Amino acid sequence: MRKPSLPFVHEHAAHCESGVMARLLFHYGLPLSEAMVFGLSGAMMFAYIPFVKLGGMPIIAYRRMPRAVIKGIQKNLGVKMKMETFPRPDLGTAALDRLLAQGGIVGLQSSVFWLPYFPEDMRFHFNAHNLIVYGKEGDEYLISDPVFENPVRSSIKALEKARFVKGMMAPKGLLYYPQTLPETIDFAVVIPEVVRKTARAMLKTPVPIAGIRGIQSLAKAIGRLQNKDRRYARLFLGHIVRMQEEIGTGGAGFRFIYASFLQEAGVLLENRNLSDCSQMMTAVGDQWREFALLIAQSIRKKKNPAIDFPAIQKKLENVAAAEAEVYRTLLHSEL
Amino acid sequence: MESRAVPQDEISTHTNTRKAIYATDCNGAYGIVPSSGWEVEAEVTLQAVDELVRLASEAYDKVVTGVASPLYFYMFARRMDLDILAQASGIGKWWLKRHMRPDVFAKLPHKTVARYADALGMEVEALYQLPEKRPERA
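Being a predicted model, the structure only gives us computed values, none of them experimental. Each chain has its residues counted from 1, following the order in which its sequence is written. Working convention: letters from A go to chains and numbers from 1 go to ligands, in the order in which they are written. Since the coordinates come from a predicted model, pLDDT governs what is reported: local features require at least 70, and pairs of side-chain atoms require 80 or more to be given and counted, while whole-chain, interface and lining totals use all residues. Side-chain figures throughout are based on the complete set of non-hydrogen atoms in the structure, without hydrogens or water.

**What about unusual backbone geometry?**
Stated formally: Helix numbering and strand numbering both begin at the N terminus, where a helix is a DSSP run of H or I of at least 4 residues and a strand a DSSP run of E of at least 2. For the exposure calls, accessible area comes from a 1.4 Å probe over protein chains only, and a residue counts as buried if that area is under 20% of its type's maximum, exposed if over 50%, partly exposed in between.
Phi at M169 of chain A is positive, roughly 55°, even though this residue is not glycine. Relative to the assigned elements, M169 of chain A resides in the loop between α5 (156–163) and β8 (175–180). Unlike most non-glycine residues, R79 of chain B shows phi in positive territory, near 60°. With respect to the helices, strands and loops of the structure, R79 of chain B is situated in the loop between α2 (70–77) and α3 (82–89). Judged by relative accessible area, which is 13%, R79 of chain B ranks as buried.

**Examining the packing of helix α2 (residues 34–41) of chain A against helix α3 (residues 68–77) of chain A**
All names here are of chain A. How we decide: The axes are straight lines fitted to the C-alpha atoms, using for helices just the contacting stretch, and the angles between their N-to-C directions are given from 0 to 180°. Convention used here: angles under 35 degrees read as roughly parallel, angles over 145 as roughly antiparallel, angles from 65 to 115 as roughly perpendicular, and any remaining angle as oblique. Whether two residues are in contact is decided by their heavy atoms, any of which lying within 4.5 Å being enough. Asp, Glu, Lys and Arg are counted as charged, while Ala, Val, Leu, Ile, Met, Phe, Trp, Tyr, Cys and Pro are counted as nonpolar; the rest, among them Gly, fall into the polar class.
One can describe the packing of α2 onto α3 by two numbers: an axis separation of 8 Å at closest approach and a directional angle of 80°. As summarised for this structure, α2 and α3 are arranged roughly perpendicular, according to the angle between their axes. Residues V37, F38, L40 and S41 of α2 touch α3, and the partners they reach there are A68, V69, G72, I73, N76 and L77. Along the lines of polarity and charge, the residues of the contact of α2 with α3 split into seven nonpolar, three polar and no charged.

**As for the pattern of salt bridges**
Rule in force here: Criterion for a salt bridge: a side-chain nitrogen of Lys or Arg within 4 Å of a carboxyl oxygen of Asp or Glu.
Inspection of the entire model under this criterion finds 23 salt bridges over all chains. Between R123 of chain A and E120 of chain A there is a salt bridge, and its shortest N-O distance comes to 3.2 Å. Classification of R123 of chain A by relative accessible area gives buried; the value is 18%. Classification of E120 of chain A by relative accessible area gives partly exposed; the value is 48%. We note a salt bridge from K19 of chain B to E41 of chain B, for which the minimum N-O separation is 2.8 Å. With K19 of chain B in strand β1 (residues 19–24) and E41 of chain B in helix α1 (residues 39–64), this residue pair connects regions lying 22 residues apart in the sequence. Take K19 of chain B: its relative accessible area is 9%, and that puts it in the buried class. Classification of E41 of chain B by relative accessible area gives buried; the value is 5%. In this structure, a network of salt bridges that share partners links the residues E120 and R123 of chain A together with R79 of chain B.

**Thoughts on the interface of chain B and chain A**
Counted only if it meets this: Once two parts are brought into contact, the accessible area they lose, counted with a 1.4 Å probe and summed over both, makes up the buried area.
Contacts between the two partners involve 42 residues from chain B and, on the opposite side, 50 residues from chain A. Note on chain B versus chain A: buried area summed over both sides is about 3,800 Å², and carbon and sulfur give 57% of it. Where chain B touches chain A, the interface holds three salt bridges. The partner of E120 of chain A in a salt bridge is R79 of chain B, with the nearest N and O atoms 3.6 Å apart.

**Re empty space enclosed by the protein**
Selection rule: Cavities and pockets were defined on a 1 Å grid built over protein atoms only: a cavity is a set of grid points that admits a 1.4 Å probe from which the probe cannot escape, a pocket is an open set flanked by protein on both sides within 12 Å along at least five of seven lines, and lining residues are those with an atom within 4 Å of any such point. Grid points are joined across faces, edges and corners, and a volume is the space filled by probe spheres set on the points.
According to the stated counting rule, one finds three cavities of 30 Å³ or more in the structure shown. A volume near 100 Å³ is recorded for the largest cavity. Along the walls of the largest cavity sit L54, H125, F126, N127, V165, K166, G167, M168 and M169 of chain A together with I84, Q87 and A88 of chain B, which together make up its complete lining. Looking at the lining of the largest cavity, the element that brings in the most residues is α3 of chain B, giving three residues. When its volume is computed, the second largest cavity comes out at roughly 50 Å³. E245 and R289 of chain A together with P7, K19, I21, S35, G37, W38 and E41 of chain B together form the lining of the second largest cavity.

**Topic: the sheet that holds strand β4 (residues 106–110) of chain A**
Residues and elements named next belong to chain A. Let me state the cut-off plainly: Strands are labelled as partners when DSSP assigns at least two bridges between them.
With respect to topology, six strands assemble into an open sheet ordered β3-β8-β4-β5-β6-β7, the strand pairing being antiparallel. On the outer flanks of this sheet lie β3 (80–84) and β7 (152–155), each paired with one strand and no other. Looking at each pair of strands side by side, their axes are set apart by 40° on average, direction ignored. Contacts between helix α1 (residues 16–27) and the sheet are confined to β3, β4, β5 (129–137) and β8, with β5 contributing the most and set at about 45° to the helix. Strands in contact with α3 are β3, β5 and β8; relative to β3, the strand with the most contacts, it is inclined by about 145°.

**Remarks on the domain arrangement of chain B**
Note the following rule: Just so you know, the domain bounds were taken from an automatic or database domain assignment.
When the domains of chain B are assigned, the result is domain 1 (3–37) and domain 2 (48–128). Between domain 1 of chain B and domain 2 of chain B, the C-alpha centre-to-centre distance is 39 Å.

**Section: the side chain of E17 of chain A**
Residues and elements named next belong to chain A. Spelled out, the test is: Counting of polar contacts relies on pairs of N or O atoms within 3.5 Å, with two restrictions inside protein: one atom must be capable of donating a hydrogen and the other of accepting it, and residues adjacent in sequence are counted only when both atoms are side-chain atoms.
By the element assignment, E17 lies in helix α1. Within the local environment of E17, its side chain forms a polar contact with the backbone nitrogen of R67, the two atoms lying 2.9 Å apart. A polar atom in the side chain of E17 sits 2.9 Å from the backbone nitrogen of V69.

Listed below in structure tokens is the structure:
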């Protein structure tokens with residue numbers, strides 16, 4: 001493990017995984033913004049998987065699977081991460097303590113529900129949260145959770161529980177930190193490559209559960225809610241918005257952070273097309289926000305007893321069309 | 001979204017923490033703007049929390065009327081469902097459902113109850129009794 005040269009500084013970020021990766025890389029000597037980390041990992045996506053349910057609701061994700069940011073950054077930038085899981089909680093805690101004693105900072109995967117510093121109303125059983133431990137004081141860990149504005153703390157016991165919870169996407173005590181960093185990164189090559197790959201993945205998915213087709217399937221599913229149980233229909237709509245806005249996406253389900261990435265990439269490569277597409281993506285993000293607002297107004301009980309499902313479906317179809325246009329433009333422009 | 005349009009609705013679900021939102025300044029340059037929340041977000045978060053409270057209070061009644069074991073209540077009180085508790089405890093769903101019966105639960109060996117207690121993050125003894133207050137929606 002490389003010796004960090006600077007004292008650790010917490011930084012507020014939109015998303016846990018990209019936030020943790022950006023901070024880890026920065027601390028060990030590769031300064032990249034969170035937006036660059038997110039964009040360059042190729043984790044931008046959309047998925048609607050009606051047949052896989054979590055807590056009674058189908059999987060709706062505005063990005064790739066958990067760990068996709070960590071994996072994507074390794075693959076695309078030539079970063080090598082040390083990643084370790086443990087068969088027993090005590091081994092995981094011992095390994096963490098050892099790394100901290102050596103002066104390192106460590107990325108961890110954990111459950112959200114068992115982290116004591118999470119607000120009560122945000123504690124759900126999601127096991128793929130990410131955070132950084134940067135120190136230990138007495139029987140408490142010093143934690144930099146990027147989605148929180150300020151550093152937080154957790155008892156040893158609580159963190160151990162959160163790291164070793166069993167179930168879907170079980171963290172198994174996963175800890176990670178950079179092992180080797182690239183000497184140089186040729187952004188003029190990497191950026192166009194990853195941007196095109198993301199655009200192709202969004203446009204040309206073979207199955208209707210991912211990419212633009214995934215958004216269109218979700219729109220159809222909303223239309224079908226008309227004939228479903230009323231309570232389920234409301235919960236389903238609320239679930240979409242939670243996945244888009246509540247869980248740390250930087251707003252509009254990562255569309256704003258991606259626009260930020262495109263903007264930064266445009267400046268770095270002095271490429272007008274990237275900057276233009278950034279603006280297009282911002283407009284798409286604004287439409288996603290309108291979609292969320294439409295849903296919130298519909299499910300607010302007293303004011304609107306009847307929900308206009310076709311209108312919500314139509315709105316989402318328009319969002320899908322606008323977003324598809326951004327990717328088509330990216331594929332057809334010189335980057 | 002422009003930074004001045006970033007909602008600052010001070011929603012209750014955030015409690016003392018702000019969320020990082022990406023927005024553009026007056027020159028169109030992106031940056032992080034801390035947000036005290038958007039009412040849209042509060043609406044859907046509270047909806048989800050309300051639903052969990054509803055499930056827990058219905059479960060509470062079932063335990064009081066002797067239809068289900070306290071394990072059934074604590075599963076919902078910890079915001080879990082059958083799948084999550086089965087995975088967290090490592091006890092199969094078929095068994096778990098059986099253990100939701102008050103008569104079966106009462107006769108479970110300490111070892112088994114301890115596995116549930118651990119998964120639910122509570123003491124074994126506490127798992128045998130309901131809390132005094134029925135969970136209510138805010």
